[in-house]
Amino acid sequence: MILAIDMGNTNIVIGGIDNEKTYFLERVTTYTTRTDLEYSMYIKGILDIHGIKPSDIEGAILSSVVPPLNETIRNAIKKILSIECMLVESGMKTGLNILMDNPKTVGSDMIVDAVAAMDEYPLPLAIIDMGTATTISVVDKSGNYIGGIIHPGLRISLDTLSSKTAQLPQVNLDMPKKVIAKNTIDSMRSGILFGHAGMMDGIISRMEEELGEKLNVIATGGLAPFVAPLCTHDIIVDDNLLLKGLLKLYIKNHI
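Residues numbered from 1 in each chain as written. Predicted model: local features only at pLDDT ≥ 70, side-chain atom pairs only at ≥ 80, totals over all residues. Heavy atoms only, no water.

**A word on the pattern of salt bridges**
Per the stated rule, a full pass over the model turns up eight salt bridges. The residue Asp56 makes a salt bridge to Lys53 at a minimum N-O spacing of 3.7 Å. With a relative accessible area of 29%, Asp56 lands in the partly exposed category. Two residues, Asp119 and Lys248, come together in a salt bridge whose shortest N-O distance is 2.8 Å. Of this pair, Asp119 sits in helix α3 (residues 108–120) while Lys248 sits in helix α7 (residues 241–253), and the two are 129 residues apart along the sequence. Under the relative-accessibility criterion, Asp119 is labelled exposed at 52%. Taking relative accessible area as the criterion, Lys248 reaches 23% and is therefore assigned partly exposed. Taken together, the shared-partner salt bridges connect Glu120, Asp238 and Lys244 into one network. (Salt bridge = Lys/Arg side-chain N within 4 Å of Asp/Glu carboxyl O. Buried < 20%, exposed > 50% of the residue type's maximum accessible area, 1.4 Å probe, protein only. Helix = DSSP H or I, 4+ residues; strand = E, 2+ residues; numbered from the N terminus.)

**Section: the sheet that holds strand β1 (residues 2–7)**
Taken together, the five strands give an open sheet; going across it, the order is β3-β2-β1-β4-β5, and neighbouring strands pair in mixed fashion. The sheet terminates laterally at β3 (22–29) and β5 (85–87), the two strands that pair on one side only. Going from strand to strand, the sheet's axes swing by 20° on average, the running direction of each strand aside. In this structure, β1 lies alongside strand β4 (residues 59–64), joined through six bridges in parallel fashion. The residue of β4 that forms the bridge with Asp6 is Ser63. (Pairing = 2+ DSSP bridges. Axes fitted to C-alpha atoms, helices over the stretch in contact; angles between N-to-C directions.)

**Observations concerning the environment of Pro225**
Within the element layout of this structure, Pro225 appears in helix α6 (residues 224–227). According to the relative accessible area criterion, Pro225 is partly exposed, its value standing at 37%. Here the alpha-carbon distance between Pro225 and Asp238, two residues 13 residues apart in the chain, equals 9.2 Å. Setting aside residues no more than four positions away along its own chain, Pro225 makes contact with Met175, Val237 and Asp239. (Contact = heavy atoms within 4.5 Å.)

**Looking at the packing of α3 against α7**
Between two packed helices, the angle of one axis relative to the other and the distance separating the axes together describe the packing. Running from amino to carboxyl end, α3 crosses α7 at an angle of 90°, the nearest separation of the two axes being 7 Å. By the angle between their directions, the pair α3 and α7 is classed as roughly perpendicular. Counting all contacts with α3, which are made through Asp109, Val112, Asp113, Val115, Ala116, Ala117, Asp119 and Glu120, the residues of α7 involved are Leu241, Leu242, Lys244, Gly245, Leu246, Lys248 and Leu249. Residues belonging to the contact of α3 with α7 are distributed by class as follows: eight nonpolar, one polar and six charged. (Parallel < 35°, antiparallel > 145°, perpendicular 65-115°, else oblique. Nonpolar A, V, L, I, M, F, W, Y, C, P; charged D, E, K, R; others polar.)

**Regarding the UniProt feature "binding site: K(+)" (unreviewed entry) in the chain**
Here the UniProt feature "binding site: K(+)" (unreviewed entry) sits at Asp129. Asp129 gets classed as buried once you look at its relative accessible area, which sits at 11%. Non-local contacts of Asp129, meaning those with residues more than four positions away in its chain, are made with Asp113, Thr134, Thr135, Thr220, Gly221 and Leu242. (UniProt positions renumbered as here; feature names shortened; annotations may be inferred.)

**A closer look at α7**
Given a rise of 1.5 Å per residue, 13 residues ought to cover 18 Å, and the 18 Å separating the end C-alpha atoms of α7 matches this to within 8%. For α7, the buried fraction is high: 10 of the 13 residues fall into the buried class. Of the positions making up α7, those classed as buried are Leu241, Leu242, Leu243, Lys244, Gly245, Leu246, Leu247, Leu249, Tyr250 and Asn253. (Expected span 1.5 Å × (residues − 1).)

**Some details on the layout of surface pockets**
Each pocket or cavity is described by its volume, and for the largest pocket that value is around 820 Å³. Every residue lining the largest pocket is counted, 37 residues in all, and those nearest its centre are Asp129, Met130, Gly131, Thr132 and Ala133. Sort the elements by how many residues they give to the lining of the largest pocket and strand β9 (residues 144–152) lands first, with five residues. Considering only residue class, the lining of the largest pocket consists of 15 nonpolar, 15 polar and seven charged. (1 Å grid on protein atoms, 1.4 Å probe; cavity = no way out; pocket = protein on both sides within 12 Å on 5 of 7 lines; lining within 4 Å. Points joined across faces, edges and corners; volume = space filled by probe spheres on them.)

If you want it as structure tokens, here you go:
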């Protein structure tokens, strides 16, 4: 089993995975002020909760969009596992041909998602990752990563709506019963969830029109199960996509 960690701006996803199955998947909040000792306590706690001993883990790999915390997390892993944590960065073997203006600027999470998706699903692909930002990446029928979009995430949109308006409250993301809502809270839920679903449907349709072919659509991230059912496109939700990509990169680059 390897320890696979995806560090985003809002949450850090921590999972244990091998070629047979995913053993656990947990999230902790990303705080840049936490020390390596504090993060080591969180990681150790997750392992203890799931009955995982340090000796059960043979390696670790980190994907991150929060560079100031990279060494903090790697040091935390070394404290509890006594192993060096591999970092997803430019120069790694990915098997992915990245056709971008500057391939080094593509987010590591988007690369990891693409590596996993193209290994498990038919090409061409649109890969949606719903985190702090919602990203949609495209891998063409030849296995080339050809680009995508970055959109404000669902949660950040909702939080901004509440914080920047005096009369709109904080709301949770319960599934709206219908689009035309009868009160303020349901109106906000409907607007955010159906609005985000409409954005995703519209972007995917435009991508298909641009490519001249239908895309197989995969969605991942903590918010994907809320929005994918509201879309008109057929979307496969794969909660473990990023962990599977990290495992594949670990195996491909492990010496």
